[in-house]
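Structural overview
So you can see what is in the structure, the chains are spelled out below.
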Amino acid sequence: MLQRRKFLQMGSLGMGGLFANKIFASGNSGIAKKPLVISTWDAGIAANKGAWEILKTGGRAFDAVEKGVMVTEESINCCVGLGGNPDREGIVTLDACIMDEYGNAGSVLALERIKHPISVARRVLEKTPHVYLVGDGAQMFALQQGFTLEPQKLSDEAAKEYKKWLDKSEYKPQINIEQKQGNLQDKGQIVAAPNRLSNGAFNHDTIGMLAIDANGNLSGSCTTSGMAFKMRGRVGDSPIIGAGLFVDNEVGAAVSTGLGEEVIKVCVTHLVVELMRQGYSPENACKEAVRRIVKHNGEKKSKEIQVGFLALNKKGEYGAYCIQSGFSFAVCNSDSHNELIASKHMI
Ligand code: SD4
């Protein structure tokens, strides 16, 4: 608590930028003045900055959640977007979705060779009568909309990882490499950028973002390269409305990360929003959703999987919960206040 208080004081003195690589261990639910943006994992710090540029001038949350995650899709330091790990055939396929304050949704699944799937998802929402476009059809639509076809090429890091993976060709999602640092967080210690790999890249292939703007309107986005070395054609939770993302402007919004198959089976983000409608706080709504996944899998199996959820309600209160330690999220509500917070966890 002391650490957090110290940080907040320093943040108000305009030193928030100094803390971009630090994580704070105290509580993970809060309320802040609107506007506000929250997003998953360490890469959320940079993404929030992109979103904040829109929110701070009174812009729309919908624009903010697109611009914010575009920062991550573009970053070479991150596994989100075309720099991400490929499927088993060595091809990167991208999933993304976006929802606005009117309850409209757009989504692309298994999209190849397009740098900003989130912007294609936005075009699906705005320019088509549909919600989901898949594979070749999604790519054809993107090209018709003026997006450019990028080369079919893995990033250096992804090519290395894929080569390593081919040795055994086993599908074992690495969900919990932050465990050690997570234990430090539990003891209230500050650790630097726990989700970074030794080469400086981020471990995670997904970013989810929720925002509330100065008018009190909510929107959300989610974009991913999906689980590394997935079967060709596999789609996770991230682009699925009600699983990876759900926004109801009357109540709140939720976004998820982690093992998508488990998230899809309980329609997590729809569940979280409905729980908030019944009066649950954002954190407790996320906790209940985690509890259902743990109950479904049993405690033993749950130790081998990770899911993490973020929620934001109409009042600007936010919260998070995950199965095991290691999930972090970034919260930004001013130029100088963009902090990384360790989520509470069940196991
Ligand atoms: C998926 N939920 O494709 C994504 C993976 C993820 O950090 O969130 N990774 O299942």
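Counting restarts for each chain: residues are numbered from 1 in the order of the written sequence. Thresholds applied to this predicted model are a pLDDT of at least 70 for local features of residues and 80 or more for the giving and counting of side-chain atom pairs; totals over whole chains, interfaces and linings are not thresholded and use all residues. Hydrogens and waters are ignored; side-chain quantities use all the structure's heavy atoms.

**Re the sheet that holds strand E8 (residues 206-212)**
- At least two DSSP bridges between two strands are required for those strands to pair. Under the DSSP-based scheme used, a helix requires at least four consecutive residues in state H or I and a strand at least two consecutive residues in state E, with every element numbered from the N terminus. What the eight strands build is an open sheet, ordered E6-E5-E4-E9-E8-E3-E14-E15; its pairing is mixed. The sheet terminates laterally at strand E6 (132-134) and strand E15 (337-342), the two strands that pair on one side only. Put simply, the sheet's adjacent strands are angled 10 degrees from each other on average, direction ignored.
- As paired strands, strand E3 (residues 36-40) and strand E14 (residues 328-334) are joined by four bridges and run antiparallel to one another. Paired with Val37 across the bridge in E14 is Cys332.
- Contact definition: two residues touch when any of their heavy atoms are within 4.5 Å. As a rule, the C-alpha atoms of each element are fitted with a line to give its axis, helices using only the stretch in contact, and angles between N-to-C directions run from 0 to 180 degrees. Packing of helix H3 (residues 61-74) onto the sheet brings it into contact with strand E4 (94-99), E8 and strand E9 (218-224), and relative to E8 it is tilted by some 155 degrees.

**Remarks on the pattern of salt bridges**
- Salt bridge, as used here, is a side-chain nitrogen of Lys or Arg placed within 4 Å of a carboxyl oxygen of Asp or Glu. In total, this model carries 22 salt bridges according to the counting rule given.
- Salt-bridge contacts for Glu53 lead to Lys56; the nearest nitrogen and oxygen are separated by 3.4 Å.
- Take Glu53: its relative accessible area is 46%, and that puts it in the partly exposed class.
- Exposure categories follow from relative accessible area, calculated using a 1.4 Å probe and restricted to protein chains: below 20% of the type maximum is buried, above 50% is exposed, and the middle band is partly exposed. Using a relative accessible area of 38% as the deciding quantity, one classes Lys56 as partly exposed.
- With a shortest N-O distance of 2.8 Å, Glu274 and Arg277 are connected by a salt bridge.

**Focus: helix H4 (residues 117-127)**
- Of all eleven residues in H4, eight are buried; the element is thus mostly enclosed.
- Among all positions of H4, only Pro117, Ile118, Ser119, Val120, Ala121, Arg122, Val124 and Leu125 are buried.
- Where H4 is buried, its residues contact H3, E4, strand E5 (105-111), E6, helix H5 (135-144) and E9.

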